[in-house]
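For reference, the chains in residue letters:
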Amino acid sequence: MTGFPRYAIYFAAGADSALSRFGAELLGYDAYTGDELPFPADALRVAPDWRDVSADPRKYGFHATLKAPMALAPGKTEAELVAACATFAGKARPIPSIRPVVDSISGFIAVIPAEPVGALQQLAADCVREFDCFRTVLTAEDRARRKPERLPERQRDYLDRWGYPYVMEEFRFHMTLTGRLDAERRGPILEMLRARFATLDLDTLAIDRIALFKQDDAEARFRIIGEWALAR
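Definitions and cut-offs
Per-chain numbering applies: the sequence of each chain, read as written, is numbered from 1 onward. Only residues with pLDDT of at least 70 get local features here, since the model is predicted, and only at 80 or more are side-chain atom pairs given and counted; chain-wide, interface and lining totals rely on the full set of residues. To get the side-chain values, all heavy atoms of the structure are used, and hydrogens and water are removed first. Runs of E in the DSSP output that reach at least two residues are strands. Runs of H or I that reach at least four are helices, and both are numbered from the N terminus. As a reference, a globule follows 2.2 Å times the number of residues to the power 0.38, and the radius of gyration itself is taken over C-alpha atoms. Each residue gets one of three labels from its accessible area relative to the maximum for its type: buried under 20%, exposed over 50%, partly exposed in between, using a 1.4 Å probe on protein chains only. We call two residues contacting when some pair of their heavy atoms lies within 4.5 Å. What sets the accessible areas is the Shrake-Rupley method with a 1.4 Å probe; for residues, cover comes only from the shown protein chains. Only buried residues count toward a nonpolar core. Its members are Ala, Val, Leu, Ile, Met, Phe, Trp, Tyr and Cys residues joined through side-chain atoms within 4.5 Å. Only strands joined by at least two bridges in the DSSP assignment are considered to pair. Any N or O atom pair separated by 3.5 Å or less is treated as a polar contact, with the protein-specific requirement of one donor-capable and one acceptor-capable atom, and with residues adjacent in sequence counted only for side-chain atom pairs. Counted as salt bridges are all cases of a side-chain nitrogen of Lys or Arg within 4 Å of a carboxyl oxygen of Asp or Glu.

A look at the overall build of the protein
When helices and strands are counted, the protein shows nine helices and nine strands. Taking 232 residues into account, the globule formula puts the C-alpha radius of gyration at 17 Å, and the protein, at 17 Å, falls close to it. Considering the protein as a whole, with its 232 residues, one finds that 50% of them fall into the buried category. The long-range fraction of contacts in the protein, counting pairs at least 24 apart against all pairs at least 6 apart in sequence, stands at 72%. Carbon and sulfur atoms make up 50% of the accessible area of the protein, which amounts to about 11200 Å² in all.

Let's talk about the nonpolar core
Ranked by size, the top nonpolar core spans 51 residues in total, and within it Ile9, Trp50, Leu81, Phe131, Phe173, Leu193 and Ile210 carry the most contacts. Trp50 has contacts with Leu26, Phe39, Ala43, Leu44, Arg58, Leu177, Thr178, Ile189, Met192 and Leu193, leaving out every residue within four places of it along the chain. Formed by nine residues, the second largest nonpolar core is a distinct cluster that contains Tyr29, Ala31, Phe213 and Ile224.

A short note on the pairing of strand 8 (residues 209-215)
For strand 8, the buried fraction is high: six of the seven residues fall into the buried class. As judged from the five bridges shared by strand 1 (residues 6-11) and strand 8, these two strands associate in the antiparallel manner. Across the sheet, the residue bridging to Arg6 is Gln215, located in strand 8. Sheet topology places strand 8 next to strand 9 (residues 223-229); six bridges connect them, and they run antiparallel. For Leu212, the partnering residue across the bridge sits in strand 9 and is Gly226.

A look at the side chain of His63
Relative to the elements of secondary structure, His63 occurs in the loop between helix 4 (55-58) and strand 2 (64-71). A distance of 2.8 Å separates a polar atom in the side chain of His63 from the backbone oxygen of Gly61. Of note is the side chain of His63, whose polar atom sits 3.3 Å from the side chain of Thr65. Contact partners of His63, with chain neighbours within four places excluded, come to Tyr10, Phe11, His174, Met175, Thr176 and Phe213.

Topic: the pattern of salt bridges
Per the counting criterion, the structure on display carries 19 salt bridges. The salt bridge partner of Glu25 is Arg196, with a shortest N-O separation of 3.1 Å. One end of the pair, Glu25, is in helix 1 (residues 18-27); the other, Arg196, is in helix 9 (residues 183-198), with 171 residues separating them in the sequence. Under the relative-accessibility criterion, Glu25 is labelled partly exposed at 32%. When the shortest N-O distance is used, the salt bridge between Arg194 and Asp103 registers 3.1 Å. In this pair, Arg194 is assigned in helix 9 and Asp103 in strand 4 (residues 100-105), connecting sequence segments 91 residues apart.

Topic: the pairing of strand 1
Of all the six residues making up strand 1, six are buried; the element is thus mostly covered by neighbouring parts of the structure. Side chains Arg6, Ala8 and Tyr10 project from strand 1 onto one buried face, and the interleaved Tyr7, Ile9 and Phe11 project onto a second face that is buried too. Here five bridges tie strand 1 to strand 2, and the two strands are oriented antiparallel to one another. Considered in strand 2, the bridge of Arg6 is made with Ala71.

Brief notes about unusual backbone geometry
Cis rather than trans, the peptide bond between Phe4 and Pro5 has omega equal to 0°. For Pro5, the position within the fold is in the segment before strand 1. The phi dihedral of Lys147 is positive, around 50°, even though this residue is not glycine. Positionally, Lys147 belongs in the loop between helix 7 (140-145) and helix 8 (153-162). A residue is classified by how much of its surface remains accessible, and Lys147, at 35% relative accessible area, is partly exposed. Residues other than glycine seldom take positive phi values, yet Asp201 does so here, at roughly 55°. Relative to the assigned elements, Asp201 resides in the loop between helix 9 and strand 7 (205-206). Residue class for Asp201 comes out exposed when judged on its relative accessible area of 59%.

Bear in mind that shape data such as this cannot, by itself, settle questions of function.
Structure below.
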């Protein structure tokens, strides 16, 4: 089984931001504090089983993946990873900005960019490359769990090279709000989430920080142990 602890480099909106509260309330979990939160009434009204609907993303906290969860390679330490995050964030780069919308992606519902943003694809690719030295190699069990036989050739190659299939050209920024839903359930939930998101009046979202998340063991949720603003 995958080694623990595991670490991931994600985008997470600032702890005090309206977007962060939006996601934490819907997932019933705040990755900044580790607190459980009550689910919103409108979510429970549309889906009385909202706890189950949101179970998968709750484990990870409200985020967008930049470098997927990984156990540390032999000889690497958490302190070294923290230092590498600070160094990465300190390199001046174009700060991506997206027009966020709530939509369905591969059967689940997430906050996604309304259109592709090249600087965002570059940021994600940079994270994949620059933090890969911290990643332990995939075990045969971890690889099998990704069902490589079902992946297109390029995604299978990326799984073997980077430990995760959805990188580089295959990367799609998303901040997940639900697990995978059947088509007949998706409509009412999507409508509710869009209405709730509209109250944020969030026309643009700067992807201007990285956060280091940690999962202590297989039963634990990920929590934020550090965050860094990206230098411009």
